[in-house]
Amino acid sequence: MSDTQLTVTLSGGDVDDARTVVRVLEGTFGEADQRPSEEHATVRVATFTGEERGTAAGAADAGPLSAPVTVTVQGTPEAVRRAGDTLTRSFTARDEGTVAGDQEQERQLLLEP
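Because the structure is predicted, anything quoted here is derived from the model rather than measured.

*Asks:* In this structure, what is going on with the overall build of the protein? I would like to understand it.
*Replies:* What the protein contains, in helices and strands, is two helices and five strands. The N-to-C order of helical and strand elements in the protein reads β-α-β-β-α-β-β. Counting only contacts in the protein whose residues sit at least 6 apart along the sequence, the fraction spanning at least 24 positions is 70%.

As structure tokens, this is what we get:
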């Protein structure tokens, strides 16, 4: 597998919701380099670098969310695709759009409780 560089920005919900989303992504991308930790933040960030795992986390790995969470994933097109696939399998999700650049892509999803 190729190296991964993925940045995940989360808004809405609380820090436990953000941690739930990151745990699901860790099933696909391995342990996050940076995890959401600030209790009173309105926007939280997680980053992943390194080897992607071969399998994605399933819906059984996702805990319930307490509120809607907007997730923006940014990275290589393959990493963004895999992150989107993982999140849409694990949560009720609405695609809010994708922006493609020369080397990177950005996708936004609204995850609902």
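*Asks:* Explain the nonpolar core to me, please; I cannot follow it from the model alone.
*Replies:* In globular proteins that are soluble, nonpolar side chains generally tend to be buried together. Among the nonpolar cores identified, the biggest contains 24 residues, and Leu6, Val8, Val21, Phe48, Val71 and Leu87 are the most heavily contacted of them. Elements that contribute at least two residues to this core include exactly β1 (3–11), α1 (15–29), β2 (43–51), β3 (69–75), α2 (77–90) and β5 (105–112). Among the elements that take part in this core, α1 stands out by supplying six residues, more than any other. What phenylalanine 48 contacts, discounting residues up to four positions off in sequence, is Thr4, Gln5, Leu6, Val8, Val22, Leu25, Glu26, Phe29, Gly30, Glu31, Ala32 and Asp33.

*Asks:* What's the story with the packing of α1 against α2 in this structure? I'm lost.
*Replies:* A pair of packed helices is characterised by two quantities: the angle between their axes and the separation of those axes. Where α1 contacts α2, the two axes come as close as 10 Å, and the packing angle between them is 125°. When the axes of α1 and α2 are compared, the pair comes out oblique. Of the two elements, α1 crosses α2, and the hand of that crossing is right-handed. Contact residues: Val21, Val24, Leu25, Thr28 and Phe29 in α1; Ala79, Arg82, Ala83, Thr86, Leu87 and Ser90 in α2. When the residues that make up the contact of α1 with α2 are grouped by side-chain class, the tally is seven nonpolar, three polar and one charged.

*Asks:* Even after reading the chapter, I still don't get α1, so can you show me in this structure?
*Replies:* Quick reminder: α-helices carry 3.6 residues per turn. Residues three or four places apart thus point the same way. Taking 1.5 Å as the rise per residue, α1 with 15 residues should run 21 Å; its terminal C-alpha atoms sit 20 Å apart, in good agreement. Summarising burial for α1: eleven of the 15 residues are buried, a large majority. Buried residues of α1: Val15, Asp17, Ala18, Thr20, Val21, Val22, Val24, Leu25, Glu26, Thr28 and Phe29, and no others. Among the residues of α1, the N-terminal cap falls to aspartate 14, whose side-chain oxygen and the backbone nitrogen of aspartate 16 are separated by 3.1 Å. Within two residues after α1, glycine 30 carries a phi angle of roughly 80°, on the positive side.

*Asks:* What's the story with the pattern of salt bridges in this structure? I'm lost.
*Replies:* Opposite charge on two side chains makes pairing possible when the charged atoms of those side chains draw close. For the structure shown, the criterion picks out eight salt bridges. Where glutamate 96 meets arginine 94, a salt bridge forms, and the shortest distance between an N and an O atom there is 2.8 Å. Residue classification places glutamate 96 among the partly exposed positions, given a relative accessible area of 41%. Judged by relative accessible area, arginine 94 falls into the partly exposed class, the value being 42%. As a salt-bridge pair, aspartate 95 and arginine 107 come within 3.1 Å of each other at their nearest N and O atoms.

Scoring rules and cut-offs
Residues numbered from 1 in each chain as written. Predicted model: local features only at pLDDT ≥ 70, side-chain atom pairs only at ≥ 80, totals over all residues. Heavy atoms only, no water. Helix = DSSP H or I, 4+ residues; strand = E, 2+ residues; numbered from the N terminus. Contact = heavy atoms within 4.5 Å. Core = buried A, V, L, I, M, F, W, Y, C linked by side-chain atoms within 4.5 Å. Buried < 20%, exposed > 50% of the residue type's maximum accessible area, 1.4 Å probe, protein only. Axes fitted to C-alpha atoms, helices over the stretch in contact; angles between N-to-C directions. Parallel < 35°, antiparallel > 145°, perpendicular 65-115°, else oblique. Left-handed = near helix turned anticlockwise from the far one by under 90°. Nonpolar A, V, L, I, M, F, W, Y, C, P; charged D, E, K, R; others polar. Expected span 1.5 Å × (residues − 1). Polar contact = N/O pair within 3.5 Å; in protein donor to acceptor, adjacent residues only side chain to side chain. Salt bridge = Lys/Arg side-chain N within 4 Å of Asp/Glu carboxyl O.

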